[in-house]
Amino acid sequence: MRPMIAGNWKMNGTLAALPAFVAGLGRTGTDVDLLICPPFPLIGPMIAALRGTAIAVGAQDCAVETAGAHTGDVSAVLLAEIGASHVILGHSERRADHGETSSLVRDKARTAIAAGLIPIICVGETLDEREAGEAETVVRAQLAGSVPDHFAGLIAYEPVWAIGTGKTPTEADVAAMHATIRAALGRQLGDAGTTMRILYGGSVKPSNAAALLAVPEVGGALIGGASLQADDFSAIAAAAPR
Ligand code: PGA
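Residues numbered from 1 in each chain as written. Predicted model: local features only at pLDDT ≥ 70, side-chain atom pairs only at ≥ 80, totals over all residues. Heavy atoms only, no water.

**Q** Just checking my understanding: could you explain the site of the ligand for this structure?
**A** Lining the immediate environment of the ligand, one finds 13 residues, of which Lys10, His91, Glu158, Gly164 and Ser203 sit closest. Lys10 has a polar side-chain atom sitting 2.7 Å from an oxygen atom of the ligand. Within the backbone of Gly225, an N or O atom sits 2.8 Å from an oxygen atom of the ligand. For the ligand, the accessible surface in isolation is 280 Å², of which the surrounding protein chains cover 94%. (Near = heavy atom within 4 Å. Polar contact = N/O pair within 3.5 Å; in protein donor to acceptor, adjacent residues only side chain to side chain. Areas by Shrake-Rupley, 256 points an atom, 1.4 Å probe, with all protein chains shown as cover.)

Now the structure itself:
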């Protein structure tokens with residue numbers, strides 16, 4: 001299975017800086033799947049700037065409805081129409097800052113799939129939950145609530161305490177959680193769950209990417225801060241096992 005190296009720009013990046021970013025990517029992306037998810041207004045320009053490369057462009061969220069009176073929301077149908085391929089759903093920042101529940105994430109995943117987008121559903125425990133020994137229970141519950149039947153997409157395991165902090169779980173902890181997620185996906189989705197890519201996210205950088213990407217059941221990475229610099233993003237892609 002080809003690894004997926006995905007960048008989540010969050011509320012970062014500018015139109016002015018796009019050409020330099022794209023130029024800096026060089027030949028990245030010949031034997032891994034590469035994806036960049038910039039803020040909504042940069043999706044179209046990023047698609048245009050990356051035309052002719054194998055690098056896909058996605059969104060960081062979409063509305064649960066497909067159209068209508070929903071001020072400020074962006075529909076999966078429109079994202080697909082302008083050429084976005086993927087959408088990140090249920091990121092912990094949206095769960096925490098916007099009160100997104102697992103059932104909303106599941107409904108958004110259905111909407112996204114119907115529009116032709118590939119969802120990346122994020123799950124992950126807080127530090128309190130990990131210290132209380134509840135990490136696997138929390139993640140299993142998030143999967144059960146967020147992943148719709150017949151789901152065709154990716155999962156990203158992102159421990160909340162590792163996001164933007166420079167802290168990462170041990171390789172053994174990543175392996176244990178990815179095995180838990182794999183087993184849960186198998187139970188929920190049957191055969192499809194046994195091959196679905198499970199990304200790791202949370203403080204992935206060039207210096208730790210090779211070790212994290214080599215962990216069993218880690219099918220790629222979802223990268224925040226380090227995806228903003230083309231050379232860091234390319235270095236992480238180069239560290240992915242082939
Ligand atoms: P980080 O963010 O790489 O900056 O820790 C990861 C994410 O939130 O997707």
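**Q** Is there a simple way to think about helix H8 (residues 171-189) in this case?
**A** Residues lying three or four places apart along an α-helix face the same way, a consequence of the helix completing one turn every 3.6 residues. Its 19 residues place the ends of H8 26 Å apart at the C-alpha level, agreeing with the 27 Å of an ideal helix rising 1.5 Å per residue. Val174, Met177, His178, Thr180, Ile181, Arg182, Ala184, Leu185 and Leu189 are the residues of H8 that are buried. (Helix = DSSP H or I, 4+ residues; strand = E, 2+ residues; numbered from the N terminus. Expected span 1.5 Å × (residues − 1). Buried < 20%, exposed > 50% of the residue type's maximum accessible area, 1.4 Å probe, protein only.)

**Q** Even after reading the chapter, I still don't get the nonpolar core, so can you show me in this structure?
**A** For soluble globular proteins, the rule of thumb is that nonpolar side chains tend to be buried together. With 61 residues, the main nonpolar core has Ile5, Met46, Leu143, Ile155 and Ile181 as its most contacted residues. When residues of this core are assigned to their parent elements, the largest contribution, six residues, is made by H8. Excluding anything up to four places from it in sequence, Ile155 contacts Ile121, Val123, Leu143, Val147, Ile181, Leu185, Met196, Arg197, Ile198 and Leu199. Among the nonpolar cores identified, the runner-up in size contains eleven residues, and Met4, Ala6, Leu199 and Leu222 belong to it. (Core = buried A, V, L, I, M, F, W, Y, C linked by side-chain atoms within 4.5 Å. Contact = heavy atoms within 4.5 Å.)

**Q** Explain the layout of surface pockets here, please?
**A** Rolled over the atoms, a probe as big as a water molecule pinpoints where empty space is left. In this structure, the largest pocket encloses a volume near 550 Å³. Considering the residues around the largest pocket, the lining is formed by 26 residues, among which Phe40, Gln60, Asp61, Arg94 and His98 are closest to the centre. When contributions to the lining of the largest pocket are tallied by element, the ones reaching two or more residues are helix H2 (40-49), helix H4 (92-97) and helix H5 (102-115). For the lining of the largest pocket, the element with the most residues is H4, which contributes three residues. Tallied by class, the residues present in the lining of the largest pocket amount to twelve nonpolar, five polar and nine charged. Residue composition of the lining of the second largest pocket, by class: five nonpolar, ten polar and three charged. (1 Å grid on protein atoms, 1.4 Å probe; cavity = no way out; pocket = protein on both sides within 12 Å on 5 of 7 lines; lining within 4 Å. Points joined across faces, edges and corners; volume = space filled by probe spheres on them. Nonpolar A, V, L, I, M, F, W, Y, C, P; charged D, E, K, R; others polar.)

**Q** What is the right way to look at the packing of aromatic side chains in this model?
**A** To describe a pair of aromatic rings, one takes the distance between the centres and the angle between the planes. Taken as a whole, this structure holds two aromatic pairs when the rule is applied. Between Trp9 and Phe21, the ring centres sit 4.8 Å apart and the planes meet at 85°, which makes this aromatic pair edge-to-face. With Trp9 in the loop between strand S1 (4-8) and helix H1 (18-25) and Phe21 in helix H1, this residue pair connects regions lying twelve residues apart in the sequence. One exposure class covers both Trp9 and Phe21, and it is buried. (Phe/Tyr/Trp six-rings, centres within 6.5 Å; stacked < 30°, edge-to-face > 60°.)

**Q** Explain the packing of H5 against helix H7 (residues 135-146) here, please?
**A** Running from N to C, H5 and H7 cross one another at 45°; their axes reach a closest spacing of 7 Å. Classed by the angle they form, the pair H5 and H7 counts as oblique. When H5 is examined against H7, the residues Ser102, Ser103, Val105 and Arg106 are found in contact with a partner set consisting of Gln142, Gly145 and Ser146. (Axes fitted to C-alpha atoms, helices over the stretch in contact; angles between N-to-C directions. Parallel < 35°, antiparallel > 145°, perpendicular 65-115°, else oblique.)

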